[in-house]
Every structure is written in C-alpha cells, then in structure tokens.
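# Tertiary structure, described
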Amino acid sequence: MNRNPQKPGLGTGVSPHRITPVYRPQQVEKQAPCQAACPNCGDIRQWIGTVAQRNKTGLSREEALARAWRIIVDVNPFPSCLGRICPHPCEQDCNRSGLDEPLAINAMERFLGDYAIEQGLPLEHMDDAVREEWIGVVGAGPSGLSFAYQMARRGYRVTVYEEKNRAGGMLRYGVPDYRLPQPVLDAEIERILALGVELELGVVIGRDITLENLRKRHAAIYLGMGAQMGRAMGIPGEAGPGVWTGTDYLAAVNSGATVPLGPRVIVVGGGNTAIDAARTARRTGARVTILYRRSREEMPAISAEVDDALEEGVELIVLAAPVRVERAEDGMITGVTACRMKLADADPSGRRRPLPVEGSEFTAEADALIAAVSQSPAIDGFDALDHEGPWLHVHDGGLGKNLFAGGDVLGLGIAGNAIVQGRRAAERLHAHLRGDNHAEAQEQDQPQIGAERLKFESRPPGPATKTPRLPVQARLSADLPEVAATISENAFLAEVERCYSCGSCMGCEQCSMFCTPGCFTRLEEVGPGMYFTLALDNCEECGKCVEVCPCGFLDVH
Ligand SMILES: Cc1cc2nc3c(=O)[nH]c(=O)nc-3n(C[C@H](O)[C@H](O)[C@H](O)COP(=O)(O)OP(=O)(O)OC[C@H]3O[C@@H](n4cnc5c(N)ncnc54)[C@H](O)[C@@H]3O)c2cc1C
Ligand code: SF4
Ligand code: SF4
Ligand code: SF4
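Glancing now at the overall build of the protein chain. Along the protein chain, the regular secondary structure elements total 19 helices and 23 strands. Over its C-alpha trace the protein chain gives a radius of gyration of 27 Å, about what one expects of a compact globule, namely 24 Å for 557 residues. Referenced to the eigenvectors of the C-alpha coordinate spread, the extents of the protein chain come out at roughly 95 × 55 × 45 Å. Residues counted as buried form 54% of the 557 residues belonging to the protein chain. Partitioning the contacts of the protein chain with sequence separation of at least 6, the portion at a separation of at least 24 is 72%. Carbon and sulfur atoms make up 50% of the accessible area of the protein chain, which totals about 24300 Å².

What follows covers helix α12 (residues 246-254). Since there are 3.6 residues in each turn of an α-helix, residues three or four apart along the chain are aligned in direction. Within α12, 8 of the 9 residues are buried, which leaves the element mostly enclosed by the surrounding structure. For α12, every residue scored as buried is listed here: Gly246, Thr247, Tyr249, Leu250, Ala251, Ala252, Val253 and Asn254. The positive-phi residue at the C-terminal boundary of α12 is glycine 256, with phi of around 100 degrees.

This part is about helix α4 (residues 61-73). Here α4 is 13 residues long and its end C-alpha atoms lie 19 Å apart, about the 18 Å a rise of 1.5 Å per residue gives. Along α4, the residues classified as buried are Ala64, Leu65, Ala66, Ala68, Trp69, Ile71, Ile72 and Val73.

The local shell around ligand 4 holds 13 residues, among which Cys505, Cys508, Glu509, Cys511 and Cys549 are the closest. Residues that form the shell around ligand 4 fall into these classes: 10 nonpolar, 2 polar and 1 charged.

Calculation notes
Residues numbered from 1 in each chain as written. Chains lettered and ligands numbered in written order. Predicted model: local features only at pLDDT ≥ 70, side-chain atom pairs only at ≥ 80, totals over all residues. Heavy atoms only, no water. Helix = DSSP H or I, 4+ residues; strand = E, 2+ residues; numbered from the N terminus. Rg over C-alpha atoms; globule rule 2.2 N^0.38 Å. Buried < 20%, exposed > 50% of the residue type's maximum accessible area, 1.4 Å probe, protein only. Contact = heavy atoms within 4.5 Å. Areas by Shrake-Rupley, 256 points an atom, 1.4 Å probe, with all protein chains shown as cover. Expected span 1.5 Å × (residues − 1). Near = heavy atom within 4 Å. Nonpolar A, V, L, I, M, F, W, Y, C, P; charged D, E, K, R; others polar.

The following block contains the structure:
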C-alpha cells in the first residue's frame, strides 16, 4: 500500500514496450513488527525515525523530539505513564532481536513523555472547529480520558463524570507509586484538561445521575467505568478484620492512608494486582507470601514484575489455593489454610485447570490476607445495557444509539487497550456525528516485514540501553520511591540509531549511490519513509539497489 500520497509508487516513467523483467525495483512500504504488536503507540518506526533521521530532514534535536512526541500523543495522551507500566509487546517482536537485543521502545516512549512534561509541551486541537454537541464520559480512567481527549481535540465540549475525588482510575488507585509516581499521572491528565475537558468529581453515574438523565443531557456518552470491585474468594473466615481485596488495599495506600497489616501477610492471586499488593506490603517491612493456584508460567502478571517481587524478598508458593482463613477467638486472623494443587487439561482460557490434591492442606501463619483474585465492574444503574455476566458487551464499541463503552468495563485488560478503545470510539462517534459513516479509521493493512529482509551489517552491533534501577535495599521503603529511572537524552539518541526502520525508507542513499543510470531522484521535501522518486526508464535491472537497501523498503518487481 502506498501510504503517503506524496510518495511515488512503482511505474513512474516505465516504457509500455518493455517486457516485465525480474530485477526492477519497487518501493513498497511494509508494516514493522513493533507497530503490529503495539495496540496504541502511533507509528513507532516513524517517531524513532523522526529523531534518528533529524540531520537528513533538517530538524534540530528539540524539533525532532517534540515532533516524535506529537506522533505518539496523536493516538495516546499518556506516553509517560505507558512508558512506565506497559508490558511492551512491541519489544518482544522487534526485528533487531535477530541481531542482538530489541530496541528499548518502552524506555524511549517514557523518555519522550517525560521530555514533553519537562518542556511543558501542550496537547493541541486538531483544527479551529467548535462543535455544538456536548459529550459525556463516565469514568476518568485512561479509557474515559483517552476518549475525552480525542473528542475535545476535535472541537467538542466534553464533561467527564468521576465517582472518586481524583482522576486517573486504576493508574491512580491501583498501580503503586514505586512504578508510576502520581505527579507524572497528574501532568498527563492536566494536559488533557487544558484542552477544555470538564471534570466533575465525586459524582456516581447510576446513583447520583441516572444513565437515562445523562443521555438526555448529552449528544453521546462513553462508558469507561473500569472494574472497581475486587472479587471475594468465597472461603470460610474471609469476612472479618485483616482481610482486604487487592484493589481496596492498593486504593487505600495510593490515597495516602497507612494500612496496618502486621508482620506476616499472605497475598492470593497471580495477576498485576496481586504482585503490586505484595510488593507494596513488602515495603512496610512485612514478610509477604503469595499463594497462586497455577504454576509460575501461567501467572497473568507482567513477568518482570514477578521477578522484581522475588528479588525484593516476596515469597511465591505456586500450585496452592486458600481453603480457609483461620481466626483466633477474638476474631483476629491467625493464618491461612491452603491446599496444594495439580494442573489438569487446559480450560477455555487456554490455561491448565488447577485441581486440589487430596490431603495436602497446610497452614501458613498470617496477620493479614490480601485477596487479589479478580475484579469486576459495578454495573448498578447500567443493568438495562447488554452485558455478559458483569461485563458490558459492545458491538463495534457501541451499546446503542450514541452510547459507547471501552476499557476494563468490557473485560480486564491493560492500560494500552483501554486507551486504544477510547480513541477508536471517539473516531467512530466523530465520523457518525459528522455524517461520515464510511470514515472509520483504517488500521494498517500492509504486509509485515521480517528480520530476514534486513541488512544487519548496516548497523553496528550493540546491546540496548538499560533503564537505571534502584538497588533492592533502597526500594524497600514505605515512601515507595520509583524503582526505574528515565533514560538520559544521550541514551535515547543512541538508542534511535539502533533502529532498522523496518520496511520504510530511512534515506541512507545506498540505492542512489549504487544506481549508475541514476533512477533515484531525491525529493525536495524529505522525511521518514520518503526520500526518493524512482524512474525506471534507464533501469539496467542489475538489482543492486534492492540488494543494498538495509530496511527492506525496495522489492524486486
Ligand atoms: C493494581 C493494578 C495494576 C495494574 N498494572 C498494570 C500495568 O502494569 N500495566 C498496564 O498496562 N495495566 C495495568 N493495570 C490495568 C490498567 O490499570 C487498567 O487496564 C486500566 O486502568 C483500565 O482503564 P479504564 O479507564 O477502563 O478503567 P479504570 O482505570 O478502572 O477507570 C475507571 C474510572 O471510572 C470511575 N467510575 C466507575 N464507575 C463509575 C460511576 N458509576 N460513575 C462515575 N465514575 C465511575 C472509577 O472511579 C475510575 O476512576 C493494572 C491494574 C491494577 C488494578
Ligand atoms: S504502548 Fe506499550 S506496546 Fe506500545 S510502544 Fe509503548 S511500550 Fe510498546
Ligand atoms: S528495528 Fe525499529 S522498526 Fe524494526 S521492529 Fe525494531 S523498533 Fe521496529
Ligand atoms: S537504500 Fe536507503 S535510501 Fe534507498 S530505499 Fe533503501 S533505505 Fe531508502
């Protein structure tokens, strides 16, 4: 697909009398695998290339950094947050792994996000349009705010209703400060509000204002309520002092409360909430043990976070599930009795089913138990909407006329998914309100390029930049200091040079240097992906240009 209309495709100047030969070059942009794996980060290759190719395109360092950040925030207004907490599937698929290590995309995204905060770069409206429709959003989590941002920058008046007294959703009340400091979240939220988005705090939709009334007030509504309710384990002794759900415990700590847990804490679960609760409890000086009913491989938590928890002294007992909370006569918790599990065949989720091993019960002493087994949305007041169990059920993001939903209220996910769903709903709604029902945003449909098409020798080998991290002892403080630091500007500038610009022209000029008849003509205005036009009248069909192109942009026709 020729993505850029300014960029010439094949055939410029081809004589109609020629028989199609074997070695004629063709400019074919392909999808980079980093991009295909990221739900939500703009064109990764493009923002890296904008900085890496700044000398070729005549941008100063500052201009290139700002432009790269703008490419990201076009689709994701939270690069500083995601640069800290995204499990970065983009890196897993980076072609550079075929040589040494993938690019440190997540750390680079964080650098750009923090750079923009430091420089005070504002988000911008897309144009001068001022629309008459007033849009309502339920929930100021990443999904609702992403939707609000996309509508506000298109000129709509937007009001976000949030039940808590601060915005941010689980990025505020779930993810602990040692991974995502609240000032970083504040800065990215304030920038969205500065676009004119109104925020009404302390309002519970479904209770204080019915959904019906809200629909009368607004031209369209987006539901981004997330999944706020920690699920109970359903075992004897669970009700009573000393037992928390993971979300309640983290929300209390993140709100600044001191939660008295005692010296021995058991955490139940294997997801991000369990790991965050365990690591936060560990920072109070407690001895913390996680019980998880499957094996380590099946844990849904981000694997590096599990490694960090273990490094910080959290004990992990896998293949164990609680069966009873033990309490003293005064009702205080004394321990948790659990039984060993074995794994049977895979369940519908693809993970192997845990089954109890008869006669395997054991009791671990405990002063507190944090149950982080799962979460679900509170849909009181939204019962009339289509739902499957506790989850809202949407078709193409919609729930009915001008009613949209996205994020964790549809099923537990990661922040990147919540943000992308908010954006897509906004794009759909905008197209619909403007009567343009064919203008659905097209996701890239180009073929993906694999590592075998790259000329690895065109870049010096070398490992990825490493994120500086606090030593373990310095992390274990109740002040929750941030564990990972932002990479330096020099490290960022070095890292962009490692990118192969897979499947898109990077302007290296190899093709034009090797082409004796001069088929390649440099464009006056150049940028990542567009440097040369190609005229084949004099092509000698030597195939040299295709052979030397390091990024696989040129194909043989
Ligand atoms: C402890 C924990 C750790 C996590 N770690 C990671 C991680 O490392 N990486 C990652 O990518 N993701 C992580 N996640 C997941 C991520 O936080 C969520 O996927 C994301 O926040 C979902 O966004 P959302 O906007 O859909 O919902 P939420 O973030 O839950 O926001 C929903 C908002 O709606 C408000 N609300 C709810 N009901 C109403 C109502 N009736 N009226 C008004 N307001 C309402 C809520 O108060 C909340 O502010 C983690 C989640 C948790 C809980
Ligand atoms: S949002 Fe996640 S997947 Fe996308 S570029 Fe950033 S780290 Fe990678
Ligand atoms: S080398 Fe660059 S373009 Fe290629 S997959 Fe990695 S980050 Fe993406
Ligand atoms: S050889 Fe270099 S300049 Fe030529 S098409 Fe490939 S990347 Fe672009």
